[in-house]
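Here are the chains, one letter per residue:
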Amino acid sequence: MMKNIQIFVGDKSTYTSSDDVIKAVPFDYEFSLWKKLLAIKDKEIPVASGTDEHGNIKYENMLISDMFSQAGSLDPRSFLFYSGNDSDEYKNTPSDYIKPKASYDFDKGVFSFEFPFDASLFSGYAQIRVTYTMRK
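Residues numbered from 1 in each chain as written. Predicted model: local features only at pLDDT ≥ 70, side-chain atom pairs only at ≥ 80, totals over all residues. Heavy atoms only, no water.

**Some words on the overall build of the protein chain**
- Secondary structure assignment for the protein chain yields 2 helices and 8 strands.
- Mapped from its N terminus to its C terminus, the protein chain presents α and β elements in the order β-β-β-α-β-β-α-β-β-β.
- Taken over 136 residues, the protein chain has a buried fraction of 29%.
- In the protein chain, the proportion of contacts linking residues at least 24 apart, taken out of those at least 6 apart, comes to 46%. (Helix = DSSP H or I, 4+ residues; strand = E, 2+ residues; numbered from the N terminus. Buried < 20%, exposed > 50% of the residue type's maximum accessible area, 1.4 Å probe, protein only. Contact = heavy atoms within 4.5 Å.)

**Considering unusual backbone geometry**
- Cis rather than trans, the peptide bond between Thr 93 and Pro 94 has omega equal to -5 degrees.
- Of note, Pro 94 is situated in the loop between helix H2 (64-70) and strand E6 (101-105).
- Here the phi dihedral of Lys 91 falls at roughly 55 degrees; this positive angle occurs in a residue that is not glycine.
- Inspection of the secondary structure assignment puts Lys 91 in the loop between H2 and E6.
- Look at Lys 91 and you get exposed, because its relative accessible area is 60%.
- Despite not being glycine, Ser 123 has its phi angle at roughly 60 degrees, a positive value.

**Considerations on the packing of aromatic side chains**
- Overall, the coordinates contain 5 aromatic pairs when judged by the stated rule.
- Seen in terms of ring centroids, Tyr 90 and Tyr 125 are 5.0 Å apart; in terms of plane orientation they differ by 80 degrees. Their pairing is edge-to-face. Here the residue Tyr 90 occupies a position in the loop between H2 and E6, and Tyr 125 occupies one in the loop between strand E7 (110-117) and strand E8 (126-133), the gap between them amounting to 35 residues.
- Classification of Tyr 90 by relative accessible area gives partly exposed; the value is 21%. (Phe/Tyr/Trp six-rings, centres within 6.5 Å; stacked < 30°, edge-to-face > 60°.)

**Some remarks on the environment of Ser 123**
- Inspection of the secondary structure puts Ser 123 in the loop between E7 and E8.
- Linking Ser 123 and Tyr 82, residues 41 residues apart in sequence, is a C-alpha distance of 10.0 Å.
- Residues within four places of Ser 123 in sequence aside, it is in contact with Tyr 90 and Asn 92.

**Points about the side chain of Asp 118**
- Inspection of the secondary structure puts Asp 118 in the loop between E7 and E8.
- At 2.6 Å, the side chain of Asp 118 forms a polar contact with the side chain of Tyr 90.
- In this view, Asp 118 contacts Leu 80, Phe 81, Tyr 82, Ser 83, Tyr 90, Gly 124 and Tyr 125; residues no more than four positions away in its chain are not counted. (Polar contact = N/O pair within 3.5 Å; in protein donor to acceptor, adjacent residues only side chain to side chain.)

**With respect to the pattern of salt bridges**
- Within the structure shown, the criterion is met by 3 salt bridges.
- One salt bridge connects Arg 129 with Glu 114, and the closest N-O pair in it is separated by 3.3 Å. Of this pair, Arg 129 sits in strand E8 while Glu 114 sits in strand E7, and the two are 15 residues apart along the sequence.
- Overall, the relative accessible area of 16% leaves Glu 114 in the buried class.
- Through salt bridges with shared partners, one network takes in Lys 101, Glu 114 and Arg 129. (Salt bridge = Lys/Arg side-chain N within 4 Å of Asp/Glu carboxyl O.)

It is worth stressing that arrangement in space is one thing and function is another; only the former is reported here.
This is the structure in structure tokens:
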């Protein structure tokens with residue numbers, strides 16, 4: 001028996017601004033490298049700062065946290081959830097938007113869902129499709 005279910009799409013703040021709320025599948029994302037960078041953010045490292053009169057690279061020590069502030073956000077999550085997934089924001093031709101949906105086959109124990117996903121600089125949607133089969 002196949003049953004269509006409503007995929008949970010809720011309000012989610014974008015990572016660039018807590019004031020920007022979009023419709024999205026509320027996954028949480030973690031990045032191990034980002035956590036490692038945060039752990040050493042108060043460490044100074046040598047950074048190329050130009051060249052001297054002989055063409056040799058000059059270095060100066062800089063706090064990793066200062067590099068974060070100069071580059072905007074290096075948090076990978078700041079590039080996710082650029083637009084909501086409840087409507088086609090890009091209007092590409094042909095369209096790469098899919099409406100979020102989910103289904104569960106009770107006889108086979110198969111849960112499937114799909115939704116559009118984008119990030120800054122995507123210029124369109126990636127289509128995420130997931131199928132999970134229950135162990136018997």
